[in-house]
Amino acid sequence: MSEAAPAAVREDGTVVGPDGLARCPWGLSTPDYVAYHDTEWGKPVHGDDALFERICLEAFQSGLSWITILRRRENFRAAFAGFAIDEVAAFTAEDEARLLLDEGIIRNRAKIAAAVVNAAAARGVRDSYEGGLDGLIWSFAPDPATRPGPRRLSDVPATTPESVALAKALKSHGFRFVGPTTAYALMQACGLVNDHLPTCTAR
């Protein structure tokens, strides 16, 4: 039985998949990633609840692979009331105890507690900041004219001045588990920056 031909890697680091489309290399590592890469990652996300969900999931991802979180996302949504800010902010100690027993999510006490604290922080931002959480986060989106996308895989940073500033702003409002690296992953996932490689089909 003949072996499959190796995937073609382009100069910028994109990989041509079996369907003939070039993608960022991580986007071809699993079928789950193909769909996420093509339809979600880097696409603009708006709405306080939607952005709160991404903050929570990025925090849960800390120290783990994103695929672990992605495959449990529907479980997270069920466990955290669809990431409705007001509902999660009202979670009690009993709710946190329930979540610690939920095998469908990541049962990390500190991260679960942070999600509840972050809901209260998000509600505070919504009530005090013009444009709410959406307005706050998107105020840190860099000007594409001054921050061109990466030319090759090695150009993709782990943090940027904007992600450092975003993390600082979120922390000043009471958010937890939002360091500069997590903030930059949030910016990438929610479309504040476009880090798809130049010849990637999703760019």
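Residues numbered from 1 in each chain as written. Predicted model: local features only at pLDDT ≥ 70, side-chain atom pairs only at ≥ 80, totals over all residues. Heavy atoms only, no water.

Per an unreviewed UniProt entry, the recorded name for the chain is DNA-3-methyladenine glycosylase I, and the organism is Actinacidiphila alni.

(A) Region of the structure containing the UniProt feature "binding site: Zn(2+)" (unreviewed entry) in the chain. The UniProt feature table records "binding site: Zn(2+)" (unreviewed entry) at Cys 24, His 37, His 196 and Cys 200. Separation in sequence by 177 residues is not matched in space for these annotated residues, since their most distant C-alpha atoms are only 10.1 Å apart. Turning to its location among the elements, His 37 is positioned in helix 1 (residues 31-39). On the basis of relative accessibility, which here comes to 0%, the residue His 37 falls in the buried class. The residues touching His 37, leaving out its near neighbours within four places in the chain, are Arg 23, Cys 24, Trp 26, Gly 27, His 196, Cys 200 and Ala 202. A distance of 3.5 Å separates a polar side-chain atom of His 37 from the backbone nitrogen of Cys 24. Following the sequence through the fold, His 196 ends up in the segment after helix 10 (180-189). Apart from the residues lying within four places of it in its own chain, the contact partners of His 196 are Cys 24, His 37, Trp 41, Gly 42, Pro 150, Ala 202 and Arg 203. (UniProt positions renumbered as here; feature names shortened; annotations may be inferred. Helix = DSSP H or I, 4+ residues; strand = E, 2+ residues; numbered from the N terminus. Buried < 20%, exposed > 50% of the residue type's maximum accessible area, 1.4 Å probe, protein only. Contact = heavy atoms within 4.5 Å. Polar contact = N/O pair within 3.5 Å; in protein donor to acceptor, adjacent residues only side chain to side chain.)

(B) Molecular detail of the state of the cysteines. Scanning the model with the defined rule gives 0 disulfides in all. Cys 24 takes part in no disulfide bond, and the closest cysteine sulfur to it belongs to Cys 200, at a distance of 3.8 Å. We note that Cys 190 lacks a disulfide partner, and the nearest cysteine sulfur, in Cys 56, lies 12 Å from it. (Disulfide = S-S within 2.5 Å.)

(C) Expanded view of the pattern of salt bridges. A complete count under the given rule lists 12 salt bridges for this structure. Note that Arg 23 is salt-bridged to Asp 38, the shortest N-O span being 2.9 Å. One end of the pair, Arg 23, is in strand 3 (residues 22-23); the other, Asp 38, is in helix 1, and 15 residues separate them in sequence. Look at Asp 38 and you get partly exposed, because its relative accessible area is 24%. Close ionic contact of Asp 95 with Arg 98 constitutes a salt bridge, the shortest N to O distance being 3.4 Å. One end of the pair, Asp 95, and the other, Arg 98, are both in helix 6 (residues 93-100), 3 residues apart, so they sit about a helical turn from each other. What makes Arg 98 partly exposed here is its relative accessible area of 36%. Each member of the salt-bridge network shares a partner with another, and the members are Asp 19, Arg 23 and Asp 38. (Salt bridge = Lys/Arg side-chain N within 4 Å of Asp/Glu carboxyl O.)

(D) The sheet that holds strand 1 (residues 8-9), seen in detail. Pairing within the open sheet is antiparallel, and its 3 strands lie in the order 1-2-3. Only two strands of the sheet have a single neighbouring strand rather than two, namely strand 1 and strand 3. Relative to strand 3, strand 2 (residues 15-16) is paired through 2 bridges, and the arrangement is antiparallel. Pairing of Val 16 across the sheet is with Ala 22, part of strand 3. (Pairing = 2+ DSSP bridges.)

(E) Highlighting the packing of helix 6 against helix 7 (residues 109-128). For the pair helix 6 and helix 7, interaxial distance at closest approach is 10 Å and the crossing angle is 140°. Taken together, the axis directions place helix 6 and helix 7 in an arrangement best described as oblique. In this structure, the crossing between helix 6 and helix 7 has a hand that is right-handed. Across from Glu 96, Leu 99 and Leu 100 in helix 6, the residues of helix 7 making contact are Arg 109, Ile 112, Ala 113 and Val 116. Taken together, the residues that form the contact of helix 6 with helix 7 break down as 5 nonpolar, no polar and 2 charged. (Axes fitted to C-alpha atoms, helices over the stretch in contact; angles between N-to-C directions. Parallel < 35°, antiparallel > 145°, perpendicular 65-115°, else oblique. Left-handed = near helix turned anticlockwise from the far one by under 90°. Nonpolar A, V, L, I, M, F, W, Y, C, P; charged D, E, K, R; others polar.)

(F) Main features of the packing of aromatic side chains. Per the counting criterion, the structure on display carries 10 aromatic pairs. Measuring from centroid to centroid gives 5.0 Å for Trp 26 and Trp 41, while their planes differ by 75°, and the two rings are edge-to-face. Of this pair, Trp 26 sits in the loop between strand 3 and helix 1 while Trp 41 is found in the loop between helix 1 and helix 2 (48-61), placing the two residues 15 residues apart along the sequence. A residue is classified by how much of its surface remains accessible, and Trp 41, at 10% relative accessible area, is buried. Each ring, one from Tyr 36 and one from Trp 66, has its centre 5.8 Å from the other, and the planes form 40°; the classification is tilted. Placement of the pair is Tyr 36 in helix 1 and Trp 66 in helix 3 (residues 66-70), with a sequence separation of 30 residues. The two residues Tyr 36 and Trp 66 agree in class, both being buried. These aromatic residues form a ring-pair network of at least three members: Phe 52, Phe 60, Phe 76, Phe 80, Phe 83 and Phe 91. (Phe/Tyr/Trp six-rings, centres within 6.5 Å; stacked < 30°, edge-to-face > 60°.)

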